[in-house]
Structures are given as structure tokens and as C-alpha cells.
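Structural description and commentary
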Amino acid sequence: MPALVPSDQLEYGCQYCFVPLGFEFTFAFQPIVDLRKQEIFGYEALVRGPQRESAYEILRKINDQNRYAFDQACRVKAITLASQLGLHDKVLSINFLPNAVYEPAHCIRSTLQAAQQSGFPVHNLMFEITESEKVHDPAHLTRIFRHYQEQGFITALDDFGAGHAGLNLLASFTPNLLKLDMELVRDIDSNKVKQIIVKGLMDICRQLNIRVLAEGLETLAEVEYFYELGVDLMQGYYFAKPGFECLPEVNFAAFS
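What you see is a predicted model, and the numbers here were worked out from it, not measured in a lab.

1. Some thoughts on the pairing of strand S7 (residues 154-160)
Most of S7 is tucked away, with 7 of its 7 residues classed as buried. Here 3 bridges tie strand S6 (residues 125-129) to S7, and the two strands are oriented parallel to one another. Note on S7: the bridge partner recorded for Met-126 is Ile-154.

Dropping the structure here:
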């Protein structure tokens, strides 16, 4: 397989931005499981430094000058690395920076090219709003998501319930998937208020035909609660920690 191009050598330009990144990054991959089917639904690509630095250490280097280049480089590198790891038959979830996408049709070109060159099916690519960046223009985000769906991508709202991805956004755009914020997930088996909120969100998603994913699961009690509630897609340390440049195994033994 072709070698990866170092991140600090990647350049992506447009009439508004043409800059080298000046730093390297890579990815860790965390499984998203379909517990009812007892199989891997896909993997989320999580930004890391080349020496296993946290996502925060990388994202703090992003500014208005390199935001577009970083967003484009993330897409290309995540797809390329996932392809090298043999992830073609699973969903690859990529966080994106909505404030870096100035025009959806133009900014998606490198993504489509990377998918074609890597032989990665477009319908297995999922784009979700990154939790690190506030959405300044919900209408613009709606246009981005609609265009991505037209291209065949899966769309997801991340950290739903955490503030920026709220009901107002859901009222203007219907994503394919909604990821519940981990603060709603934590200890939900013993928290009546969280249970009422989540059941309400579940009812909304059923009526809108949106698939729900519970993320940040750490305990068997949390997993069992969502399983009984009818949530199939789950993600969290209970199943597997992110694998640095690899696909970690998942143990389904407790539910076999």
C-alpha cells in the first residue's frame, strides 16, 4: 500500500486559504457497535498527535489561517489510513470543522478524490460536527449537511444535548444519525431526570426516522439501559478504547 504523506507536508488551497499546516497529526480509531446485531457498525477517527498526544494538543494549534487546510487534511488522512487498515466494509466517522467549509461543493472535492484513490465507498463515510468548534452559522451548517447527503454521505449530529447541536438545528435539518452527549449517558441507569430527557429525544428521533447512538458508555448498567430502551448503536470505553493507528477488538461476550 502507498505510504502516508506526512501531515506537515499536506497543503490544501482555495481562493481564501493556501497554507502548509506546519505540524503532524494522525488518528486513533474507536469502534461503534451495533449491539443488537453483535457486530461492528464502524469506527470514529479521533485526531491524535504522532507521539499519541491528545486531540486537544492538536486542535489548539488550529487558527483562522490554517483551519481550512487542517479540515481538508483530516479528511484525506483519515480515509487513507482507514483504507490501509482495511476498513472498507465499515462506516468511517470523521469529525469536520463547519466554520472551515466555505462552499460545500468545492470543499468536498479532496474528500471524494481521496475516497476514489483509496477505494473507500462514499456511502460508508459519515461526517459529524466536531465537539471542539461552536457553530456560528446554523443555516450554513444546514446547507453543508444537505449537500453531503446528496453526495451519499451519512450525516450525524454529535454531542446532542451539549448546547451547540440543539433542537433549533434539528428543526432545520434531519441528520441520518444523532449521537447523545456523554453527559446524558453517564449514570443514566440511576438518574430519573436523564431518563425522562433521553426518552423524549428517542421519541422525537423515531418520528423523524433518525437513528440514535449512545456514546461515552463506560458501565454495563449504562449499556443495558440503552439496550432495553431500543438503542442499537453504542460507543465507549465499555466496548473498547480508541486504537492508535489500529482497529481495536470488541468483546461482545456479555451479550452473546
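2. What about a negative patch on the surface?
Together, Asp-187, Asp-189, Glu-224 and Glu-228 give the surface a local cluster of negative charge. Along the chain, the position of Asp-189 falls in the loop between helix H7 (182-185) and helix H8 (192-208).

3. Examining the packing of helix H2 (residues 67-84) against helix H4 (residues 109-118)
Two numbers describe a pair of packed helices, the interaxial angle and the distance between the axes. Following both chains from N to C, one finds H2 and H4 inclined at 15 degrees, their axes separated by 9 Å at the closest point. Looking at the two axes, H2 sits roughly parallel to H4. Pair H2 / H4 crosses with right-handed handedness. On H4, the residues touching Gln-72, Arg-75, Val-76, Ile-79, Thr-80 and Ser-83 of H2 are Ser-110, Thr-111, Ala-114, Ala-115 and Ser-118. Residue composition of the contact of H2 with H4, grouped by class: 4 nonpolar, 6 polar and 1 charged.

4. Structural notes on the nonpolar core
With 67 residues, the main nonpolar core has Phe-25, Phe-27, Phe-29, Phe-70, Leu-92, Leu-125 and Phe-226 as its most contacted residues. Considering every element that reaches this core, the biggest residue donor is H2, with 9 residues. Grouped together as the second largest cluster of nonpolar side chains are 9 residues, Met-126, Ala-156, Leu-213 and Leu-233 included.

5. Describing a nonpolar patch on the surface
On the surface, Leu-167, Ile-204 and Leu-208 cluster together into a nonpolar patch covering about 240 Å² of accessible area. By the secondary structure assignment, Leu-167 is in helix H6 (residues 167-172). For Leu-167, a relative accessible area of 53% corresponds to the exposed category.

6. What to know about the confidence of the model for the protein chain
Residues shown with low pLDDT carry predicted positions that ought not to be read at fine detail. This prediction gives the protein chain a mean pLDDT of 83; 82% of its residues lie at or above 70. Contacts from residues 1-18, a stretch scored under 50 in pLDDT, to residues over four places away or in other chains number 44 contacts.

7. Some thoughts on the packing of aromatic side chains
This structure, assessed with the given rule, holds 9 aromatic pairs. Taking the centre distance of 5.7 Å and the plane angle of 85 degrees together, the rings of Tyr-148 and Phe-153 count as edge-to-face. Classification of Tyr-148 by relative accessible area gives buried; the value is 0%. On the basis of relative accessible area, Phe-153 is assigned to the buried category, the value being 3%. Put simply, the rings of Phe-23, Phe-25, Phe-27 and Phe-70 touch in pairs and so form one group of aromatic residues. Lying over the aromatic face of Tyr-227, Arg-36 brings its terminal NZ or CZ to 4.2 Å of the ring centre. Geometry around Phe-25 places Lys-77 over its ring, the cationic atom sitting 5.5 Å from the centre.

8. Remarks on helix H5 (residues 138-150)
With 13 residues, H5 ought to run about 18 Å at 1.5 Å a step, and its terminal C-alpha atoms sit 18 Å apart, in line with that. All of the buried residues along H5 are His-140, Leu-141, Thr-142, Ile-144, Phe-145, His-147 and Tyr-148. Following H5 by one or two positions, Gly-152 adopts a phi angle in the positive range, close to 100 degrees.

9. Brief notes about the environment of Asn-63
Counting through the fold element by element, Asn-63 comes out in the loop between helix H1 (55-59) and H2. The exposure class of Asn-63 is partly exposed, given its relative accessible area of 32%. At a separation of 2.9 Å, a polar atom in the side chain of Asn-63 contacts the main-chain amide nitrogen of Gln-65.

The rules behind these values
- Residues numbered from 1 in each chain as written.
- Predicted model: local features only at pLDDT ≥ 70, side-chain atom pairs only at ≥ 80, totals over all residues.
- Heavy atoms only, no water.
- Buried < 20%, exposed > 50% of the residue type's maximum accessible area, 1.4 Å probe, protein only.
- Helix = DSSP H or I, 4+ residues; strand = E, 2+ residues; numbered from the N terminus.
- Pairing = 2+ DSSP bridges.
- Patch = residues over 30% accessible without salt bridge, like charges linked within 9 Å, V, L, I, M, F, W, Y side chains within 5 Å.
- Areas by Shrake-Rupley, 256 points an atom, 1.4 Å probe, with all protein chains shown as cover.
- Salt bridge = Lys/Arg side-chain N within 4 Å of Asp/Glu carboxyl O.
- Lys, Arg positive; Asp, Glu negative; His and termini not counted.
- Charge placed at Lys NZ, Arg CZ, Asp CG, Glu CD.
- Axes fitted to C-alpha atoms, helices over the stretch in contact; angles between N-to-C directions.
- Parallel < 35°, antiparallel > 145°, perpendicular 65-115°, else oblique.
- Left-handed = near helix turned anticlockwise from the far one by under 90°.
- Contact = heavy atoms within 4.5 Å.
- Nonpolar A, V, L, I, M, F, W, Y, C, P; charged D, E, K, R; others polar.
- Core = buried A, V, L, I, M, F, W, Y, C linked by side-chain atoms within 4.5 Å.
- pLDDT = per-residue confidence, 0-100.
- Phe/Tyr/Trp six-rings, centres within 6.5 Å; stacked < 30°, edge-to-face > 60°.
- Lys NZ or Arg CZ within 6 Å of the ring centre and 35° of its normal.
- Expected span 1.5 Å × (residues − 1).
- Polar contact = N/O pair within 3.5 Å; in protein donor to acceptor, adjacent residues only side chain to side chain.

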